[in-house]
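Overview (structure and organization)
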Amino acid sequence: MRRGNRTDTALGLSYPRGPLTRVLRILLHTVVVVIFAGPLLALLVGAFGEVTSPTEFTLIPRGFTLGNFTRAIDRDVLLYLLNSFVVVGGGLLLQIAVSVSASYALARKRFPGMRLVFLLILSTMMLPEEILAIPLSLVLADVPVVHVNLIGSLWGMILPVAAWGFSILVMTEFMKEIPVELEESARIDGAGELRIFTAIVLPLCRPALGVIGIFGFTMIWDQYLLPLLVARDAGQFTLPLALRNLRSDEEVGLGVLLAASLLALLPSVIAFLALQRQFMKGLTAGAVKG
Amino acid sequence: MGATGTRAEPVPPTAPPGPVADRPRPRRRPQRTRWRGAGTAWLFLAPALLIFTVFKFVPMGRAFDMSFHEVRPYLGDLWVGMDNYTRVLTDEAFSSAIVRTVVLAVGQTGGSLVLGFGLALLLEGTAKHLWFVRTAVFLPTIVAMAVVAEVWRILYYPGPDGTVNSVLGWVGLGPSQFLNDEDTSLWSVMSVGVWRGAPYDMMIFLAGLSGVDRTLYEASSVDGASIPRRIWHVTLPALRPVFAILFTLAAIRGLRVFTEIFLLTNGGPNGSTEVLMTLIYKVGLERHDLGVASAGSVLLLLATVVLTLAVRFARRGRDSKAAS
């Protein structure tokens, strides 16, 4: 393998030139990191420091204290965090199960009306919560046929995200690649439909499960409008939704917001770092497919 | 998930004993099994279709229905024809919100694309530390919008010793009122969008850049072309489809911008950042004028559908060239 060739990248930057360009490059990289990661790092620093006003929000630590977190806990942040985990846990489990099941039918079966179903699923990606906000809030207050009121219940935040077009499409594409022979030999051995699905197809889908898992997680964790429509009072707030009410505190000032924001940020960052490879895979797939 | 594997599942009566092994054509499903298992297929699709119907298609139907009515709870809805649409399209608040939405969507999208492309050029390569820089730069994209908005509210603190104002002070600019001033609020919101959008575009561009034919770079450097000329004549043309896709996708997403406005300014000050979605939210859920709010939603949906279909048709022409 050739290293450091001038034609390896568009800018040819990996080719080592004079010390000046090297310094310039390091400088540029530092600036870029400070601009994009700096504010989040300042959040980390500030959450553990004595930061009472916005003018003290910097990368330089101001003392060390856990006071922001104890104040945040006094103000029910753990409840909000728990709500968030319930919504993301329940929503994601359902979303993955529903996606895998639908993809199995779309990728492995052929049946009349299949193209129409596929188009319908595609079309749901043009119908996000924002566009449907007004009628969705009415539907949530009185679900058709069963007449259940989901306002004020975490189910109202879980059920609408239990099916996601993006996951179904990514999973379907992946399942199409699995050789049919495996499935057919299992069928000869007398395996039933559900058994083929769970014992043959599912284990082979593990890489794609990572992709839809990490995307589903960030999608549900980022939900704002849906919890806003569903929550009746603070008892059902998710953590992102609660931040608005934690902007200041008479004891620790801004610190309480920084502590709560850090807790709202960490799960998605950890999930992303753990599943980075799958995330990148889904990213390019999503951009190309829409 | 695992336990279901052990449950005995009767073989569906429609399923024949299974294809014989001596078929000479592998891969493609044989014709005779074509409609086999249609019932099972619908069974596997049922949960997704049920949820989509209840939470997507029924609300969409309700939106269409309400948009032609004056919605009066308990009294029964009144058919008003196109009145709600006329009101949305002629009302001053709505039309200026639509203009602002388009300005914001185009500005955010364009800014993210340019900055994202610059970042991609700067951070392209296989060195280990580049991977670290790219990951750090990418973080804003995965953090929940609510956190991003709160962080930027702090950074935008309007006093002269606010964070962004301090930085501007170093280069002799500012102090600015940012979100608190009618003249700067929309630009401030737009910058947050660019900050969060550019890293996403960067990652897609990086995937595209790795697909650019390296022999073209070699050829151009043999010909003595400078780096800017090489980017202009080789890199940019190779990435054109990526640009087109990213632009339209982000523009579509930009039209329904809600959370950042709701948290950063809630449409203020003095309506200077009121976009279509925040206005629909207020009209529908605070003023309970469901008919007009629905008409606004339907128009937003139509714009989305038209743009999406336009992309699909445009892409069908030159397929397969897109970032792989």
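Keep in mind the model is a prediction, meaning the values are calculated, not measured.

Procedures and definitions
- Residues numbered from 1 in each chain as written.
- Chains lettered and ligands numbered in written order.
- Predicted model: local features only at pLDDT ≥ 70, side-chain atom pairs only at ≥ 80, totals over all residues.
- Helix = DSSP H or I, 4+ residues; strand = E, 2+ residues; numbered from the N terminus.
- Rg over C-alpha atoms; globule rule 2.2 N^0.38 Å.
- Buried ≥ 20, exposed ≤ 12 C-beta atoms within 10 Å, placed from the backbone.
- Contact = placed C-beta atoms within 7 Å.
- UniProt positions renumbered as here; feature names shortened; annotations may be inferred.
- Nonpolar A, V, L, I, M, F, W, Y, C, P; charged D, E, K, R; others polar.
- pLDDT = per-residue confidence, 0-100.
- Axes fitted to C-alpha atoms, helices over the stretch in contact; angles between N-to-C directions.
- Parallel < 35°, antiparallel > 145°, perpendicular 65-115°, else oblique.
- Left-handed = near helix turned anticlockwise from the far one by under 90°.

1. Considering the overall build of chain A
- Counting its regular elements, chain A contains 14 helices and 0 strands.
- When the helices and strands of chain A are placed in sequence order, the string is α-α-α-α-α-α-α-α-α-α-α-α-α-α.
- Computed over its C-alpha atoms, the radius of gyration of chain A comes to 24 Å, more than 25% above the 19 Å expected for a compact globule of 290 residues.
- Taken along the three principal axes of its C-alpha coordinates, chain A extends 70 × 65 × 35 Å.

2. Here we look at the overall build of chain B
- Looking only at helices and strands, one finds 12 helices and 2 strands in chain B.
- Ordered by position from N to C terminus, the α and β elements of chain B give α-β-β-α-α-α-α-α-α-α-α-α-α-α.
- Within chain B, buried positions represent 43% of all 324 residues.
- Within chain B, contacts between residues separated by at least 24 positions form 66% of all contacts whose residues are at least 6 apart in sequence.

3. Describing the UniProt feature "domain: ABC transmembrane type-1" (unreviewed entry) in chain A
- UniProt's entry tags residues 81-275 of chain A with the feature "domain: ABC transmembrane type-1" (unreviewed entry), counted in the numbering of this structure.
- Between the C-alpha atoms that bound residues 81-275 of chain A there is a distance of 22 Å. The span itself is 69% helix and 0% strand.

4. So, the interface of chain B and chain A
- Contact with chain B, which involves 96 residues of that partner, is made by 87 residues of chain A.
- In terms of residue count, the dominant contributor to the side of chain B that touches chain A is helix α1 (residues 38-67) of chain B (18 residues).
- Split into classes, the residues belonging to the side of chain B that touches chain A amount to 66 nonpolar, 17 polar and 13 charged.

5. Describing the UniProt feature "transmembrane region" (unreviewed entry) in chain B
All names here are of chain B.
- UniProt records the feature "transmembrane region" (unreviewed entry) at residues 35-58, 97-123, 135-155, 198-217, 238-258 and 290-311, using the numbering of this structure.
- From the first C-alpha to the last, residues 97-123 spans 37 Å; its make-up is 100% helix and 0% strand.
- Taken end to end, residues 238-258 is 86% helix and 0% strand, and its first and last C-alpha atoms sit 34 Å apart.

6. A few points about the UniProt feature "transmembrane region" (unreviewed entry) in chain A
Residues and elements named next belong to chain A.
- The UniProt record annotates "transmembrane region" (unreviewed entry) at residues 26-49, 77-104, 116-141, 153-175, 196-221 and 252-275.
- Spanning residues 26-49, this segment combines 92% helix with 0% strand, and its end C-alpha atoms are found 29 Å apart.
- Between the end C-alpha atoms of residues 196-221 the distance is 33 Å, and the span holds 96% helix and 0% strand.

7. Concerning unusual backbone geometry
Residues and elements named next belong to chain B.
- Although it is not a glycine, Asn266 sits at a positive phi angle of roughly 50°.
- Its place among the elements puts Asn266 in the loop between α10 (259-264) and α11 (276-286).
- The phi dihedral of Asn270 falls on the positive side, at around 55°, and the residue is not glycine.
- The residue Asn270 is located in the loop between α10 and α11 in this model.
- Given 10 C-beta atoms within a 10 Å radius, Asn270 is considered exposed.

8. Quick word on the confidence of the model for chain B
Residue and element names in this part refer to chain B.
- For chain B, the mean per-residue pLDDT works out to 81, and 85% of the residues sit at or above 70.
- No element of chain B has a lower mean pLDDT than helix α8 (residues 214-222), at 80, and none a higher one than helix α5 (residues 145-155), at 94.
- Counting interchain partners and residues more than four positions distant, the pLDDT-below-50 stretch residues 1-25 has 29 contacts.
- Across residues 30-35, confidence stays below pLDDT 50; counting only partners more than four residues off in sequence or on other chains, it has 7 contacts.

9. Some thoughts on the UniProt feature "domain: ABC transmembrane type-1" (unreviewed entry) in chain B
- Mapped onto the present numbering, the UniProt feature "domain: ABC transmembrane type-1" (unreviewed entry) falls on residues 98-311 of chain B.
- Taken end to end, residues 98-311 of chain B comprises 76% helix and 0% strand; its first and last C-alpha atoms sit 21 Å apart.

10. Here's the deal with the environment of Ser101 of chain A
- Along the chain, the position of Ser101 of chain A falls in helix α3 (residues 77-108).
- With 20 C-beta atoms counted inside 10 Å, the residue Ser101 of chain A sits in the buried group.
- If near-sequence neighbours (up to four positions away) are discounted, Ser101 of chain A is found in contact with Phe44 and Pro47 of chain B.

11. Remarks on the environment of Val87 of chain A
Residue and element names in this part refer to chain A.
- Looking at where Val87 falls in the secondary structure, it is placed in helix α3.
- By C-beta crowding, Val87 is classed as buried, having 25 other C-beta atoms within 10 Å.
- Taking the C-alpha atoms as reference points, Val87 and Thr238, 151 residues apart in sequence, are found 8.1 Å from one another.
- In this structure Val87 touches Leu154, Met157, Ile158, Ile220 and Thr238, once residues within four positions along its chain are discounted.

12. What about the confidence of the model for chain A?
- Predicted confidence across chain A gives a mean pLDDT of 87, with 93% of residues reaching 70 or more.
- Helix α14 (residues 276-289) of chain A is the least confidently modelled element of chain A, averaging 70 in pLDDT, while helix α6 (residues 155-158) of chain A averages 95, the highest of any element.

13. Some words on the environment of Phe247 of chain B
- Looking at where Phe247 of chain B falls in the secondary structure, it is placed in helix α9 (residues 227-255).
- With 27 residues separating them in the primary sequence, Phe247 of chain B and Glu274 of chain B have C-alpha atoms 23 Å apart.

14. Brief notes about the packing of helix α5 (residues 129-141) of chain A against α11 of chain B
- At a closest axis distance of 10 Å, the pairing of α5 of chain A and α11 of chain B adopts a crossing angle of 10°. As summarised for this structure, α5 of chain A and α11 of chain B are arranged roughly parallel, according to the angle between their axes. Here Glu130, Ala133, Ile134 and Ser137 of chain A of α5 of chain A come into contact with α11 of chain B, specifically with Met277, Ile280, Tyr281, Gly284 and Leu285 of chain B.
- Its residues assigned to classes, the contact of α5 of chain A with α11 of chain B comprises 6 nonpolar, 2 polar and 1 charged.

15. Side note on the packing of helix α1 (residues 19-47) of chain A against helix α13 (residues 255-274) of chain A
Residues and elements named next belong to chain A.
- It is at 8 Å that the axes of α1 and α13 come closest, and there the two elements cross at 125°. Between α1 and α13, the crossing angle belongs to the class labelled oblique. Judged by the sense of rotation from one axis to the other, the crossing of α1 with α13 is left-handed. Residues Leu40, Leu43, Leu44, Gly46 and Ala47 of α1 form the contact with α13, whose own contacting residues are Leu258, Ala259, Ser261, Leu262 and Leu265.
- Residue composition of the contact of α1 with α13, grouped by class: 8 nonpolar, 2 polar and no charged.

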